[in-house]
Amino acid sequence: MTFFEEYELGSTRQSHGRTVTEADIVLHAGQTGDFYPHHMDAEFAKTLPGGQRMAHGTLILSMSVGMLAGEVNDQAMSYGYDRVRFIRPVHIGDTITSRSEIVALRDHAKRPESLGLAEEKVEVLNQLGEVVVAFVHLYLVNRRPGSPS
């Protein structure tokens, strides 16, 4: 398991691709209650700039987090997300990948002796290599017992 002292600035990860399906969008709408016509009404969506239904931004964010979650680190947990941006629409049939980089490491303000915060910049790209979603994933990470802060 990875303790805070083992995180390295600039370390990166890359996911495999995942194609977004109509089922993904329908399930997400059912789970969230977001049945806006942008996602659910094919005829309405023809009037949009992309001319077709688009995935929920929160669906793509959730998918990207799962795509990067290759192993469970019982020394860390998600602390939240900052600077979330839905940059371009994702449509049914688009294939997304996620890439990330550790961009900051700092002490936890209230418990620096036992916890650190890692910031991971995440970009989600479509099959054309365009960034569609970007955000910073914050991790609360245990320090190795007995290590200096």
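Counting restarts for each chain: residues are numbered from 1 in the order of the written sequence. Residue-level local features of this predicted model are given only where pLDDT is at least 70; pairs of side-chain atoms are given and counted only at 80 or more, and the full residue set underlies all totals for whole chains, interfaces and linings. Hydrogens and water are ignored here; the side-chain numbers use all heavy atoms of the structure.

To continue, consider the overall build of the protein. Secondary structure counts use DSSP, requiring at least four H or I residues in a row for a helix and at least two E residues in a row for a strand, with both numbered from the N terminus. Looking only at helices and strands, one finds four helices and six strands in the protein. Listed by position from the N terminus, the elements making up the protein come as β-β-α-α-α-α-β-β-β-β. The principal-axis extents of the C-alpha atoms in the protein amount to approximately 60 × 30 × 25 Å. Working rule for contacts: check all heavy atoms of both residues, and any pair within 4.5 Å makes them a contact. Taking the contacts inside the protein whose residues are at least 6 apart along the sequence as the reference set, 71% of them involve residues at least 24 apart. Using the Shrake-Rupley algorithm and a 1.4 Å probe, accessible areas are obtained, with residue cover drawn only from the displayed protein chains. Only carbon and sulfur atoms are counted for the fraction: they give 54% of the accessible area of the protein, which is about 8500 Å².

As a further point, take the nonpolar core. For the purposes of this section, nonpolar cores are sets of buried Ala, Val, Leu, Ile, Met, Phe, Trp, Tyr and Cys residues that join through side-chain atoms within 4.5 Å. Residue exposure (1.4 Å probe, protein chains only): buried if accessible area is under 20% of the type maximum, exposed if over 50%, otherwise partly exposed. Membership of the largest hydrophobic core comes to 16 residues, with the highest contact counts inside it found for Val 20, Ala 55, Ile 60, Val 90, Ile 96 and Val 124. Considering each element in turn, this core owes the most residues, six residues, to helix α4 (residues 57-68). With residues up to four places along the chain from it excluded, the contact list for Ala 55 reads Val 20, Ile 25, His 39, Ile 60 and Val 90. If you look at the next biggest cluster of nonpolar residues, it comprises six residues, including Phe 4, Ala 118, Tyr 139 and Val 141.

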